[in-house]
Amino acid sequence: MNSLTLAVIGVAMILAGYFLYSKYLATRIYALDDSLPTPAHQLEDGVDYVPTNKYVLWGHHFTSVAGAAPIVGPAIAVIWGWLPAFLWVTIGTVFFAGMHDLGALWASTRNRGQSMGALSGRYIGVRGRNLFLVVIFLLLLMVNAAFSVVIANLLVATPTAVIPTWGALIVAVLVGQAIYRLKWSLPVVSVVGVVALYSLIWIGDQVPLSLPETMLGLPSNSVWIILLFVYAGVASMLPVWVLLQPRDYINGLQLFIALGILYGAVLIARPEIVAPAYNTNLPEGTPNIVPLLFVTIACGAISGFHGMVSSGTTSKQLDKESDARFVGYFGAVGEGLLALGAIIAATAGFASLAAWEETYSAFGAGSVGAFVSGGGAIVESGLGLSQSLSATILATTAILFAATTMDTGVRLQRFVVQEIGDIAGVRLGKVVATLIAVGVALALTFGAGADGSGGMLIWPLFGTTNQLLAALTLSIIAIMLLRRGRTALPALIPLAFVGVMTIYALFIQLGTFYRDENWLLLALDVVILVAALWVFVEAISAMRKAKDYDGDDDAELLALSGREVEHVGDHPPHD
């Protein structure tokens, strides 16, 4: 098939989901209501709770959830053929990811910006909350440790991306000052910021930078990992408007421009997809497509990490409730378009089927490298940009998005550590909580040696843990809908599918870890599986009770915040 045909069909499906299905969700399922105060206004503190323009907030949310995962997952999964990956990304974005991300944002906004872990305590129970926090903690640990390794390796492999990667921080700080201090108009700030960022990309391509092979006895990638965690720790404690928001906003614009460059190159070059639609010549050792496809492609179809971002940082910045449709659902649309681009780059960016098969000689062999090299080849042939500059643009895109996910992940881990401290009766300040979050991730990263390889140690569990978290988040959304007397099918159908596929995958992994005598991953797999099954049992019980609930959930929540309510939600006020 020609890549242009695939791109047109995929983009049309995903955009139709936003214009049609998200409108149905916003009006009929979640009943978004601008008369209700958002946490950003209720609890405004200028640090974490900040009312934010929906376009700026979309940039923060989108780049935080995107990261490297919607590139890595699809670029690996096309080993089974491009068609299964394409169908899962498009259908998953429309009916799974969009519903999940918008729902998590709505649920947290209706609960004073509480995280999904805290919401599990309200809607599932104390035991469910404690087990939920275990899954969340492990997931964030995997993200922070593994993404630091991915970014460090890309910086070593692509020296031309070093200047734009770190220079983007200066651009972000200046953008934040221009928006909040100098009150520049958003279009002007956007143009100036994007021009500055792409100027840095051009400079980086001309002036590649590399660290010495060893510094203080550490290899260069380990030095990058340490620097990344220092940055992420500082960034996680700064007010969101100083660095996190503007950095994510400019990165969001940069990604859409990079996607425009990639899709524009596809439009002009129209390369043929050399990979098979369904691959029957799989390398030895490749696992079965079912259920592994549905956990290999997480971000880009549905991802539990998105619920953490929606409820951890985004809900605290939502200016009005109706903005949730654009920020939440369209954030999932952006990631779906990125995943679709990764599929095209990893299947049409090769000269022949033999060249593609050489890259995909083993499961997991094709990932970010296949995206960068394949996408670079398409851009070079379509737009005439040099292979070096094309690769620099795509590598910088991957690095910046992995970094924004990492710094948001450290911020979320700090929140989780503080929640765990509250449960234990220990009040932790943000500095101490951040040091714990960073320290645990660094301990894992360097636990297997000075090369930082430990960061990937528990990564094989990321896909299943991430998808379990998505299913658990959907269970909370379903309970909230049932308590309001609305149909919960838009949440229950994805919940059932993702839950079954993920638990199936966890059992398969148990056998693999046992045969490989990988006792650490085996033990963690058991912990995650038991915790998830227990939460599911608690959630099913809560759903049964929710059907008989005759209160007004929104009115009760507003009453807890001290606000008088005459009428809220779908039910009349109760005496």
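Overview of the structure.

Thresholds, definitions, all that
Residues numbered from 1 in each chain as written. Predicted model: local features only at pLDDT ≥ 70, side-chain atom pairs only at ≥ 80, totals over all residues. Heavy atoms only, no water. 1 Å grid on protein atoms, 1.4 Å probe; cavity = no way out; pocket = protein on both sides within 12 Å on 5 of 7 lines; lining within 4 Å. Points joined across faces, edges and corners; volume = space filled by probe spheres on them. Helix = DSSP H or I, 4+ residues; strand = E, 2+ residues; numbered from the N terminus. Nonpolar A, V, L, I, M, F, W, Y, C, P; charged D, E, K, R; others polar. Phe/Tyr/Trp six-rings, centres within 6.5 Å; stacked < 30°, edge-to-face > 60°. Buried < 20%, exposed > 50% of the residue type's maximum accessible area, 1.4 Å probe, protein only. Lys NZ or Arg CZ within 6 Å of the ring centre and 35° of its normal. Expected span 1.5 Å × (residues − 1). Bend = angle between axes of the 7 residues up to and from the residue. Axes fitted to C-alpha atoms, helices over the stretch in contact; angles between N-to-C directions. Parallel < 35°, antiparallel > 145°, perpendicular 65-115°, else oblique. Left-handed = near helix turned anticlockwise from the far one by under 90°. Contact = heavy atoms within 4.5 Å.

## Examining empty space enclosed by the protein
Applying the stated criterion across every chain yields a total of five cavities of 30 Å³ or more. In this model, the second largest cavity occupies a volume close to 70 Å³. Together, S115, I136, L140, M308, G312, L412, F415, V416 and E419 line the second largest cavity. No other element matches the four residues that helix α17 (residues 387-423) contributes to the lining of the second largest cavity. Per-class residue counts for the lining of the second largest cavity are six nonpolar, two polar and one charged.

## Notes on the packing of aromatic side chains
All told, the structure shown has 21 aromatic pairs when counted by the stated rule. Ring plane angle 85 degrees and centroid distance 6.5 Å describe the contact between W166 and Y231, whose orientation is recorded as edge-to-face. In this pair, W166 is assigned in helix α8 (residues 162-180) and Y231 in helix α10 (residues 220-237), connecting sequence segments 65 residues apart. On the accessibility criterion, Y231 (12% relative accessible area) is buried. The ring of F415 carries K316 above its face, with NZ or CZ at 5.2 Å from the centroid. We note R325 situated over the ring of Y18; from NZ or CZ to the ring centre the distance is 4.8 Å.

## Concerning α8
In this model α8 runs 28 Å from its N-terminal to its C-terminal C-alpha over 19 residues, within 8% of the 27 Å that 1.5 Å per residue would give. The largest bend in α8 is about 25 degrees, located at A168.

## Focus on the packing of helix α13 (residues 304-312) against α17
Viewed as axis vectors pointing N to C, α13 and α17 meet at an angle of 70 degrees, and their least axial separation amounts to 10 Å. In terms of orientation, α13 and α17 fall into the roughly perpendicular class. By crossing handedness, the relation of α13 to α17 is classed as left-handed. In this structure, α13 uses F305, M308, V309 and G312 to contact α17, whose residues at the interface are T405, T408, G409, L412 and F415. The class makeup of the residues in the contact of α13 with α17 is five nonpolar, four polar and no charged.

## Overview of the packing of helix α5 (residues 82-109) against α13
Axis separation between α5 and α13 bottoms out at 8 Å; the angle between their running directions is 30 degrees. One finds that α5 runs roughly parallel with respect to α13. The handedness of the crossing between α5 and α13 is right-handed. Counted together, H100, D101, A104, L105 and S108 of α5 and G304, H306, G307, S310 and S311 of α13 form the full contact between these two elements.

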